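Observations on the three-dimensional arrangement
Here is what each chain is made of, one letter per residue.
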Amino acid sequence: MDSHHRASSSGSETRSHNHGPSPSKPTAPLDTPATDPLAASRKLAHPLDGLTPQRLAEMGEAYAHKAGLTSDEDIRAFRLGAMIASNDVDYNTIDDLTERERTVLEREVTHKWSNPPMLYWVVVICSLCAAVQGMDETVVNGAQSFYKTQFGISGTSPRDTWLLGLTNSAPYLCCALIGCWLTDPLNKAFGRRGTIFISCLISALACFHQAFTNTWWHMFLARFYLGLGIGPKSATTPIFAAECSPPKLRGALVMQWQMWTAFGIMMGYVADLAFYFVPDHGIELGLNWRLMMGSAMIPAVVVCCLAYVCPESPRWYLTKERHSDAYAALCQLRYEKVQAARDLFYMHTLLEVEKETMAISKGSRIKEMFTIRRNRNAVVASSGLMFMQQFCGVNVIAYYSSEIFLSAGVGEVGALSASLGFGVINWLFALPAFYTIDTFGRRNLLLTTFPLMSLSLLFTGFSFWIPESSSAHIGCIALGIYLFGIVYSPGEGPVPFTYSAEAYPLYIRPIGMSLATAITWFFNFVLAVTWPSLLQAFKPQGAFGWYAAWNLVGWVFVLLLVPETKERTLEELDRVFDVSLGRQVRFGLAQAKWFVGRWILGRKGAKKPVAPINGDGFEEGEGVGEEYTSGDGEKENENENEKKEASFQHSEGRERAVRDGVKEREDPSNRA
């Protein structure tokens with residue numbers, strides 16, 4: 001169970017339109033070439049900064065002619081669209097916009113969920129893809145209780161435990177070795193819709209195949225090529241959602257992947273319980289587990305039927321120089337042509353800057369991931385979080401919860417029901433992630449939830465020492481597993497992919513996300529293949545204690561090596577990650593010391609350290625950053641206040657101005 005709410009460079013156009021001038025130092029205009037990869041990456045974040053409205057209008061008109069969109073209506077749309085694409089231009093000063101266009105642009109801020117029906121059709125398809133993903137992962141949870149006996153691998157010998165683990169983990173081995181790396185060639189050849197169609201078709205065929213297997217190696221083969229569908233689908237679907245959605249809605253729609261994957265996980269448990277009572281009807285080796293394994297093909301077939309009803313990604317059309325098709329697709333996804341022209345012009349501009357960036361770093365991007373300190377620190381933080389997303393132990397529960405409950409002395413129906421309870425909790429507590437991930441921050445969420453996950457797993461493992469004759473035995477085991485799901489879902493569930501998507505500079509982000517995806521799938525495989533043997537060797541108490549210990553390792557890792565990325569611009573992220581690991585470690589230790597002093601020992605005068613950033617005035621080894629005194633009359637240092645004020649100005653200033661403007665027009669006293 002992973003939180004595949006991924007972003008890549010394809011879906012990284014996360015600027016906010018018309019928020020007023022950026023508080024950061026302006027980047028070089030589009031006409032000025034960048035001189036190094038990081039400068040080019042910053043230029044990718046703000047490619048239109050420094051250009052006048054007149055210059056933007058000329059560029060928009062020139063692009064319309066280049067794209068073959070030469071009607072008067074389209075040329076007007078591109079002139080205006082290019083002007084409002086810049087953060088430095090306030091569209092309220094553009095007289096040529098109609099009242100309807102102005103209203104629609106305002107509603108992007110004040111009513112961001114108001115969009116054309118076709119956009120929500122894309123959302124439905126992406127949500128169904130996520131549900132396919134979740135069901136693919138968890139129908140095996142209940143089915144294995146039956147097919148392992150039929151296949152002769154239900155014993156406690158090393159052979160049986162390793163073969164059971166290998167059979168269950170086969171899709172994730174395929175994802176790590178093959179599936180993840182097929183994403184790029186499939187997208188280039190078939191587009192986003194085509195990749196989704198092909199991956200869901202593979203998933204449907206693999207699920208159908210699983211239902212007709214009669215030996216463990218036959219099941220292994222069917223599940224192995226299921227990974228060919230899981231890998232590309234999990235990487236492409238969030239990109240498709242990001243490229244079709246308007247800027248204000250992009251983050252929320254990409255986060256839908258995690259929520260609906262959790263929903264699919266829950267539905268996998270539902271299918272297990274629903275088909276449990278189906279009799280064999282004379283079918284060799286049983287029927288119920290076959291229906292469980294085959295049920296995941298249903299949402300996959302639905303996606304295959306619907307994939308081509310919605311438009312293709314406009315950005316993919318641009319990569320194929322199909323500008324008119326991209327414009328037609330965006331016109332279906334936006335209310336007004338000026339919106340479609342704005343977004344298409346911005347996508348085209350980004351692609352041109354990306355080509356420049358690739359020319360600068362051609363042939364050396366993989367090397368620069370490790371030789372440039374800013375990139376290397378991002379690799380360390382991102383890869384560690386991806387590793388910990390698996391080694392926190394979540395997929396032990398996702399794939400083997402029914403077996404865990406059976407080993408606790410619960411009956412088969414009770415075990416399947418208890419597993420369904422975990423699925424429901426996992427889905428419901430994924431919902432708060434929309435709020436918590438941007439409110440509390442990535443680092444704080446992880447520092448809070450890792451210790452709680454460790455305690456939950458220890459509680460679960462130790463509960464196996466309660467005598468089975470006691471009603472508290474199964475109650476405490478279930479409680480520990482449910483508590484784990486509650487704290488995992490808003491924390492280590494959504495954070496790793498969100499963090500990885502923003503940690504890398506744009507020019508190496510595709511490679512960084514490929515690495516992150518491969519890491520999480522590989523260690524997903526390691527977890528799934530080793531659990532049956534680990535359970536036999538360590539017993540439940542030791543096995544759960546093993547992953548409880550890894551959660552503590554994860555907490556130390558986050559404390560010392562993972563800087564906060566919440567509400568940081570690309571320029572700020574370059575400075576955040578361009579700090580020596582020694583300074584970051586010292587800051588983590590100082591933060592832990594402050595926390596103990598302030599919140600455990602009650603020292604209100606304890607000084608809270610500020611996270612180090614490159615260029616903050618401290619030489620390497622001199623300290624961890626400015627401090628401020630907390631407690632009564634606590635006062636932050638002025639640099640932090642100025643930075644936060646600038647950040648809020650950049651992200652909220654335009655929205656406030658729009659809302660004030662709407663209220664002013666709606667106030668009858670102002671119409672007099």
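Definitions and cut-offs
- Residues numbered from 1 in each chain as written.
- Predicted model: local features only at pLDDT ≥ 70, side-chain atom pairs only at ≥ 80, totals over all residues.
- Heavy atoms only, no water.
- Helix = DSSP H or I, 4+ residues; strand = E, 2+ residues; numbered from the N terminus.
- Buried < 20%, exposed > 50% of the residue type's maximum accessible area, 1.4 Å probe, protein only.
- Contact = heavy atoms within 4.5 Å.
- Areas by Shrake-Rupley, 256 points an atom, 1.4 Å probe, with all protein chains shown as cover.
- Axes fitted to C-alpha atoms, helices over the stretch in contact; angles between N-to-C directions.
- Parallel < 35°, antiparallel > 145°, perpendicular 65-115°, else oblique.
- Nonpolar A, V, L, I, M, F, W, Y, C, P; charged D, E, K, R; others polar.
- Core = buried A, V, L, I, M, F, W, Y, C linked by side-chain atoms within 4.5 Å.
- Salt bridge = Lys/Arg side-chain N within 4 Å of Asp/Glu carboxyl O.
- Patch = residues over 30% accessible without salt bridge, like charges linked within 9 Å, V, L, I, M, F, W, Y side chains within 5 Å.
- pLDDT = per-residue confidence, 0-100.
- Phe/Tyr/Trp six-rings, centres within 6.5 Å; stacked < 30°, edge-to-face > 60°.
- Lys NZ or Arg CZ within 6 Å of the ring centre and 35° of its normal.
- Left-handed = near helix turned anticlockwise from the far one by under 90°.
- Arc of directions from axis to C-beta.
- Expected span 1.5 Å × (residues − 1).
- Bend = angle between axes of the 7 residues up to and from the residue.
- Polar contact = N/O pair within 3.5 Å; in protein donor to acceptor, adjacent residues only side chain to side chain.

**What about the overall build of the protein chain?**
Scanning the protein chain from terminus to terminus reveals 26 helices and two strands. Within the protein chain, the proportion of its 672 residues that are buried is 59%. Contacts spanning at least 24 positions in sequence make up 78% of the contacts within the protein chain whose residues lie at least 6 apart. Of the roughly 25,800 Å² that the protein chain leaves accessible, carbon and sulfur atoms contribute 63%.

**Some thoughts on the packing of helix α6 (residues 158-210) against helix α7 (residues 216-244)**
Orientation of α6 relative to α7, taken along the N-to-C sense of each, is 40°, at an axis distance of 5 Å. Regarding the angle of α6 to α7, the classification is oblique. Broken down by class, the residue content of the contact of α6 with α7 amounts to 31 nonpolar, 16 polar and six charged.

**Some points on unusual backbone geometry**
Positive phi outside glycine occurs at L285, with the angle close to 70°. With respect to the secondary-structure elements, L285 resides in the loop between α8 (247-275) and α9 (288-295). Although it is not a glycine, E321 sits at a positive phi angle of roughly 60°. Mapped onto the elements, E321 comes out in the loop between α11 (314-319) and α12 (323-333).

**Here's the deal with the nonpolar core**
Within the largest apolar cluster, 111 residues are counted, with the highest numbers of intra-cluster contacts made by Y147, W289 and W531. Of all the elements, helix α22 (residues 509-561) adds the most residues to this core, at 20 residues. Leave out the neighbours within four places in its chain, and W531 touches V396, Y400, I404, A543, F544 and Y547.

**Some words on the pattern of salt bridges**
Throughout the structure, instances matching the rule amount to 19 salt bridges. Here D343 and R334 are joined by a salt bridge, their closest N and O atoms 2.7 Å apart. Assessed through its relative accessible area of 4%, D343 is described here as buried. Of the residues examined, R334 reaches a relative accessible area of 4% and is grouped as buried. Put simply, R342 and D343 hold a salt bridge, and the shortest N to O gap is 2.9 Å. Accessibility expressed as a relative area gives 0% for R342, which makes it buried.

**Brief notes about a nonpolar patch on the surface**
Taken together, the side chains of F595, V596, W599, I600 and L601 make up a nonpolar region of the molecular surface, amounting to roughly 530 Å² of accessible area. Looking at where F595 falls in the secondary structure, it is placed in helix α24 (residues 581-600).

**Remarks on the confidence of the model for the protein chain**
Caution is warranted with low-pLDDT regions, since their predicted coordinates should not be read in detail. Taken as a whole, the protein chain shows an average pLDDT of 83; of its residues, 82% reach a score of 70 or greater. Put simply, helix α26 (residues 668-671) is where the protein chain has its lowest mean pLDDT, 40, and α9 is where it has its highest, 96. Across residues 662-672, where pLDDT falls below 50, the model places six contacts with residues more than four positions away in sequence or in other chains.

**A word on the packing of aromatic side chains**
Considering all chains together, one arrives at 32 aromatic pairs under this definition. Their ring planes at 80° and their centres at 5.2 Å tell us that F522 and F523 sit as a pair that is edge-to-face. For F523, a relative accessible area of 21% corresponds to the partly exposed category. The rings of F387, F391, F464, F522, F523, F525, W531, F538, F544, W546, Y547 and W550 are connected pair by pair, giving a single aromatic cluster. In this arrangement the basic side chain of R598 is found over the ring face of W599, its NZ or CZ atom lying 4.3 Å from the centre.

**Here we look at the packing of α6 against helix α10 (residues 297-306)**
Packing of α6 against α10 leaves a shortest axis separation of 8 Å and a crossing angle of 150°. Relative to α10, the element α6 lies roughly antiparallel. In this structure, α6 meets α10 at a crossing whose hand is left-handed. Mapping the contact onto sequence places I196, F197, C200, L201, S203, A204, C207 and F208 in α6 and M297, A300, V301, V303 and C304 in α10.

**Thoughts on α12**
Residues spaced three or four apart along an α-helix face the same direction, because each turn holds 3.6 residues. Inspection of α12 places H323, A326, Y327, A329, L330 and L333 among the buried residues, and these make up the whole buried set. Seen along its axis, α12 keeps its buried residues to an arc of 160°; they face one direction.

**Focus on the environment of A478**
Take A478: it is sitting in helix α20 (residues 472-488). Separated by 59 residues in the primary sequence, A478 and S419 have C-alpha atoms spaced 9.0 Å apart.

**A closer look at the side chain of H473**
Its place among the elements puts H473 in helix α20. By relative accessible area, H473 is classed as buried at 3%. Residues within four places of H473 in sequence aside, it is in contact with A408, S463, F464, I466, P467 and E468.

**Considerations on α6**
Relative to the 78 Å expected for 53 residues at 1.5 Å per residue, α6 spans just 24 Å between its end C-alpha atoms, considerably shorter than the ideal helical length. The largest bend in α6 is about 115°, located at F190.

**Things to note about the environment of H111**
For H111, the location among the structural elements is in the loop between α4 (99-110) and α5 (117-150). Reaching out from H111, the side chain makes a polar contact with the side chain of T110 at a distance of 2.9 Å.

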